[in-house]
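So you can see what is in the structure, the chains are spelled out below.
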Amino acid sequence: MNTNEAERQNQYMHRVYEINSIPSAKRYHISTFGCQLNENDSEKLEGMLVQMGYSKTENLEESNFIIYNTCCVRENAEQKVYGHLGRLKKLKEKNPELLIAMCGCMMQQKHVIEHIKRTYRHVDIIFGTHNLHKLPELLYTLLYNGEKVIDVWETDGVLTEGIPFERKKGVKAWLTVMYGCNNFCSYCIVPYVRGRERSRELDDILNEANKLSSQGFKEITLLGQNVNSYGKELEKKLSFAELLYRLNGIDGIERIRFMTSHPKDLSDELIDAIRLSAKVCEHLHLPVQAGSTKILKEMNRKYSKENYLELIDKVKNKIPGIALTTDIIVGFPGETEKDFEVTLDVMEKVRYDSAYTFLYSKRTGTPAALKQDQVPEIIKKERFNRLIQLQNTISKEINDTYVGQKVDVLVEGISKTNKDMLTGRTGTNKIVNFSGPAKLIYKTIKVHITNSQTWSLDGEFIS
Ligand code: SF4
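## Some words on the overall build of the protein
Thought 1: Helix and strand counts for the protein come out as 13 helices and 19 strands.
Thought 2: Since a compact globule built from 463 residues should have a radius of gyration of about 23 Å, the 23 Å found for the protein is in line with a globular shape.
Thought 3: Seen through its principal axes, the protein has C-alpha atoms that stretch 60 × 60 × 50 Å.
Thought 4: Put simply, the protein has 463 residues, and 56% of those count as buried.

## Concerning the pattern of salt bridges
Side-chain pairs of opposite charge can arise whenever the charged atoms involved come near each other.
Thought 1: This model, assessed by the stated rule, comprises 42 salt bridges.
Thought 2: Of the charged contacts in the structure, one is a salt bridge between Glu61 and Lys94, with a shortest N-O distance of 3.2 Å. Residue Glu61 is located in the loop between strand 2 (55-56) and strand 3 (65-70), and its partner Lys94 is located in helix 3 (residues 75-94); the two are separated by 33 residues in the primary sequence.
Thought 3: Exposure remark for Glu61: the relative accessible area of 54% places this residue in the exposed category.
Thought 4: Among the charged side chains, a salt-bridge network with shared partners connects Glu5, Arg8, Lys134, Glu137 and Asp151.

## Focus on the packing of aromatic side chains
Thought 1: For the structure on display, the rule yields 10 aromatic pairs.
Thought 2: With a centroid separation of 5.7 Å and 85° between ring planes, the pair formed by Phe33 and Tyr68 is classed as edge-to-face. Here Phe33 is found in the loop between strand 1 (27-32) and helix 2 (36-51), whereas its partner Tyr68 is found in strand 3, with 35 residues between them in sequence.
Thought 3: On the basis of an interplanar angle of 75° and a centroid distance of 5.1 Å, the ring pair of Phe240 and Phe258 is categorised as edge-to-face.

## Notes on the packing of helix 9 (residues 268-276) against helix 11 (residues 305-318)
Thought 1: Direction vectors running N to C along helix 9 and helix 11 enclose 30°, while the axes themselves pass 10 Å from each other. Taken as axis vectors, helix 9 and helix 11 run roughly parallel relative to one another. Viewed along their axes, helix 9 and helix 11 form a crossing whose handedness is right-handed. Between helix 9, through Asp268, Ile271, Asp272 and Arg275, and helix 11, the contact on the second element is made entirely by Lys314, Val315 and Lys318.

## Regarding the site of the ligand
Thought 1: Every residue close to the ligand is listed here: Cys181, Asn183, Phe184, Cys185, Tyr187, Cys188, Val190, Pro191, Gln225, His262 and Arg301.
Thought 2: Within the shell around the ligand, the residues separate by chemical class into 7 nonpolar, 3 polar and 1 charged.

## Overview of the sheet that holds strand 12 (residues 283-285)
Thought 1: Spatial ordering of the open sheet is given by 12-13-14, a layout of 3 strands whose pairing is parallel. A single partner strand is all that each edge strand has here, and the edge strands are strand 12 and strand 14 (354-359). Going across the sheet, the axis of each strand differs from the next one's by a mean of 15°, ignoring polarity.
Thought 2: When strand 12 meets strand 13 (residues 323-330), the two strands line up parallel, connected through 3 bridges. Bridged to His283 within strand 13 is Ala323.
Thought 3: Strands in contact with helix 13 (residues 377-400) are strand 13 and strand 14; relative to strand 14, the strand with the most contacts, it is inclined by about 175°.

## Topic: helix 2
Thought 1: In a regular helix each residue adds 1.5 Å, so 16 residues correspond to 22 Å; helix 2 covers 23 Å between its end C-alpha atoms and thus fits that length.
Thought 2: Burial of helix 2 is extensive: 12 of the 16 residues sit out of reach of the surface.
Thought 3: Taken as a whole, helix 2 has its buried residues at Leu37, Asn38, Asn40, Asp41, Ser42, Glu43, Lys44, Leu45, Glu46, Gly47, Met48 and Leu49.
Thought 4: Phi for Gly53, located one or two positions after helix 2, is positive at around 95°.

## Brief notes about the domain arrangement of the protein
Thought 1: Parsing the protein into structural domains produces domain 1 (3-151), domain 2 (172-400) and domain 3 (406-461).
Thought 2: A separation of 37 Å is found between the C-alpha centroids of domain 1 and domain 3.

## Regarding the state of the cysteines
Thought 1: For the structure shown, the criterion picks out 0 disulfides.
Thought 2: Summary of cysteine pairing: Cys71 is not part of a disulfide, and the nearest cysteine sulfur, belonging to Cys72, is at 6.0 Å.
Thought 3: Residue Cys105 stays outside any disulfide, its sulfur separated by 5.2 Å from that of Cys72, the closest cysteine.

## Digging into the packing of helix 7 (residues 202-214) against helix 8 (residues 240-248)
Thought 1: Contact geometry of helix 7 with helix 8 gives a least axis separation of 11 Å together with a crossing angle of 35°. Crossing hand, helix 7 versus helix 8: right-handed. Of the residues in helix 8, those touching helix 7 at Leu202, Ile205, Leu206 and Ala209 are Leu243, Arg246 and Leu247.
Thought 2: When grouped by side-chain class, the residues that make up the contact of helix 7 with helix 8 number 6 nonpolar, no polar and 1 charged.

Quick notes on the rules
- Residues numbered from 1 in each chain as written.
- Predicted model: local features only at pLDDT ≥ 70, side-chain atom pairs only at ≥ 80, totals over all residues.
- Heavy atoms only, no water.
- Helix = DSSP H or I, 4+ residues; strand = E, 2+ residues; numbered from the N terminus.
- Rg over C-alpha atoms; globule rule 2.2 N^0.38 Å.
- Buried < 20%, exposed > 50% of the residue type's maximum accessible area, 1.4 Å probe, protein only.
- Salt bridge = Lys/Arg side-chain N within 4 Å of Asp/Glu carboxyl O.
- Phe/Tyr/Trp six-rings, centres within 6.5 Å; stacked < 30°, edge-to-face > 60°.
- Axes fitted to C-alpha atoms, helices over the stretch in contact; angles between N-to-C directions.
- Parallel < 35°, antiparallel > 145°, perpendicular 65-115°, else oblique.
- Left-handed = near helix turned anticlockwise from the far one by under 90°.
- Contact = heavy atoms within 4.5 Å.
- Near = heavy atom within 4 Å.
- Nonpolar A, V, L, I, M, F, W, Y, C, P; charged D, E, K, R; others polar.
- Pairing = 2+ DSSP bridges.
- Expected span 1.5 Å × (residues − 1).
- Domains from an automatic or database assignment.
- Disulfide = S-S within 2.5 Å.

Structural data, given as structure tokens:
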């Protein structure tokens, strides 16, 4: 743990606060791209900005400080960021005082920084995933010297605790338990931009969970690129299963979810912890990525189709009714029609409640990007559509089985699709829309399911 660093950044927060002569006038706008880990990192960035006297605005035109927390897991994520950056140039021409900062996974790539330095000279600060906590110091340096600041660490950052959060209001909260990944799946850029696995200390996680409970959050989602290898490198070794048992004892927290798990680290101990911990939701997100063992080998996933299906059988036997979701990549280099049909076969065997599905995207610096047998885009898209069709059918069939059931729903707020309805989720992570009084928001209630869609359920409030 690195409290001195947190204290140091605290001092810089004060200095920036003083520089911002009229704190209320200073507005920030933050755009977050990519995964839940980035969303949680952005909550830290916002926590530091608020401490420095900034207040939030959704309106780019009104903001004095714009931050992009970027993602580079797929090509289109990067193209999206460049598109946005281009548009900021005009804003800066209109308001030369405007400050622009870039951080997140994309900034951990040298070729990206060189591209931004050459093409987007209106960017003032660039920092990476390992030194997010240094925002106050970097901003102070810019405000004080008036010079652009680029500070991206190649080495894995020491985890810094004690950074303030500005969390989204609601009943659910993200809680990051570890950073980085050691798996080096051949298509994935994450290990190169997020570094090696580093777990937070148990006490820091328990303190944060207790704080979340005292702030009224009832559901926490534990985050990590590979949460189920949590604790392996800690001095005092601790398994992810043990962490779940400890968090299960926190008063006020009603539900615990976690993502993302790697099949090779899904132990019997962890399956039992999910089964025996009342607050751990009966939902497991277990990326398979592909069906054919040949492709899994090429992906360096470290399990075969048979291993994966055995694991799924074990989970289903031990926790009947558990919801299963997954990640699938279509069109990995060398994938034949026969390989793809094995992926469809695995989906029919497992019957996932839902699946995050992606077209393979070549990432500079990953081994798979160098493979000769890249699958043509038109074939990828055709296979992708077939896969979606199958998954939609399965998701609807599974949701149909909920009709007539009485389920526990943690009410999150007003439904996004119908303002006259409330919405919430079951333990199995099903979205449920129903009509009821606003006083039910943030409560766990019983709902009778009356109808099902592919991606949500409709119901009536019971009690
Ligand atoms: S487990 Fe594989 S896919 Fe997931 S973050 Fe690590 S390297 Fe990437």
